[in-house]
Amino acid sequence: MPSLALVAHDQKKDQMIAWVKAHEAALEPFRLYATGTTGGRIVAETGLRVERLKSGPLGGDAQIGAMIAEGKLDALVFFIDPLSALPHDVDVKSLLRLAILYDTLLAVNEATASRLLEAAATGSNGSETLSPQT
Ligand SMILES: O=C(CO)COP(=O)(O)O
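Worth saying up front: this structure is predicted, and the values here are computed from it rather than measured. (Residues numbered from 1 in each chain as written. Predicted model: local features only at pLDDT ≥ 70, side-chain atom pairs only at ≥ 80, totals over all residues. Heavy atoms only, no water.)

**Thoughts on the layout of surface pockets**
Inference 1: In this structure, the largest pocket occupies an estimated 220 Å³ of space.
Inference 2: Of all elements in the fold, only β1 (3-8) and α3 (36-45) reach the threshold of two or more residues within the lining of the largest pocket.
Inference 3: Grouping the constituent residues of the lining of the largest pocket by class yields six nonpolar, nine polar and four charged. (1 Å grid on protein atoms, 1.4 Å probe; cavity = no way out; pocket = protein on both sides within 12 Å on 5 of 7 lines; lining within 4 Å. Points joined across faces, edges and corners; volume = space filled by probe spheres on them. Helix = DSSP H or I, 4+ residues; strand = E, 2+ residues; numbered from the N terminus. Nonpolar A, V, L, I, M, F, W, Y, C, P; charged D, E, K, R; others polar.)

**A look at the pairing of strand β4 (residues 75-79)**
Inference 1: Summarising burial for β4: five of the five residues are buried, a large majority.
Inference 2: Two strands pair when backbone bridges link them, and β1 and β4 are joined in this way by five bridges, in the parallel orientation. Within the sheet, the bridge partner assigned to A8 lies in β4 and is F79.
Inference 3: As paired elements, β4 and strand β5 (residues 105-107) share three bridges and run parallel to each other. Directly across from V77, in β5, lies its bridge partner A107.
Inference 4: This β-α-β element, β4 to helix α5 (residues 89-101) to β5, shows right-handed connectivity. (Buried < 20%, exposed > 50% of the residue type's maximum accessible area, 1.4 Å probe, protein only. Pairing = 2+ DSSP bridges. Right-handed = clockwise from strand over helix to strand, strands pointing away.)

**Points about the UniProt feature "active site" (unreviewed entry) in the protein**
Inference 1: Per the UniProt annotation, the sites labelled "active site" (unreviewed entry) are D61.
Inference 2: Under the relative-accessibility criterion, D61 is labelled buried at 2%.
Inference 3: Those residues in contact with D61 that sit more than four places away from it in its chain are V7, T35, G56, F78, H88, D91, V92 and L95. (UniProt positions renumbered as here; feature names shortened; annotations may be inferred. Contact = heavy atoms within 4.5 Å.)

**A look at the site of the ligand**
Inference 1: Taken together, the neighbourhood of the ligand is formed by 16 residues, with K13, T35, T38, S55 and D61 sitting nearest.
Inference 2: Within the side chain of K13, a nitrogen or oxygen atom sits 2.6 Å from an oxygen atom of the ligand.
Inference 3: At 2.9 Å, a backbone N or O of T37 approaches an oxygen atom of the ligand.
Inference 4: When isolated, the ligand has an accessible area of 300 Å², and the protein chains bury 97% of it.
Inference 5: When each cavity is represented as a set of grid points, the ligand is found to reside in the largest pocket.
Inference 6: For the shell around the ligand, the elements supplying multiple residues, two or more each, are β1 and α3.
Inference 7: A per-element tally of the shell around the ligand places α3 first, with three residues.
Inference 8: Of the residues belonging to the shell around the ligand, the class tally is five nonpolar, eight polar and three charged. (Near = heavy atom within 4 Å. Polar contact = N/O pair within 3.5 Å; in protein donor to acceptor, adjacent residues only side chain to side chain. Areas by Shrake-Rupley, 256 points an atom, 1.4 Å probe, with all protein chains shown as cover. Sits in = over half its atoms within 2 Å of the grid points.)

**Topic: the pattern of salt bridges**
Inference 1: Inspection of the entire model under this criterion finds five salt bridges.
Inference 2: For R41, the salt bridge goes to D14, with nearest N and O atoms at 2.9 Å. Remark: D14 occurs in helix α1 (residues 13-22) and R41 occurs in helix α3; sequence separation between them is 27 residues.
Inference 3: For E70, the salt bridge goes to K72, with nearest N and O atoms at 3.2 Å.
Inference 4: What you see here is one network of salt bridges that share partners, running through D14, R41 and E45. (Salt bridge = Lys/Arg side-chain N within 4 Å of Asp/Glu carboxyl O.)

So, in structure tokens, the structure goes:
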């Protein structure tokens, strides 16, 4: 089962929830992970099962980065707030850096996230990356 992590900063959480609801069927085939607060809202407001990690500022971004480094994550949807200063900006940068380094499927805005799911569904792109790991 391919794995996908969902992460959204506070000002982007409403957008993440709306996006998850709009793509619930397409997200069901994934083993889903999320940082703590994002995951809590997804579990409370959608029908999806999500494995919650720590909250981003408390190490959740770092946990997802470690999953990438260990080859345990196929794709990351990360709705970043481009208008706020974040105390854990170094963690955000580290996570993005690892996703780039390991060539992980990465979407940092809604338009790209939707295309990523379409590609995963059709297998027209990234099918190899999204094939089951175990
Ligand atoms: O801060 C985050 C990502 O950098 C997200 O963490 P939460 O989902 O716990 O708010």
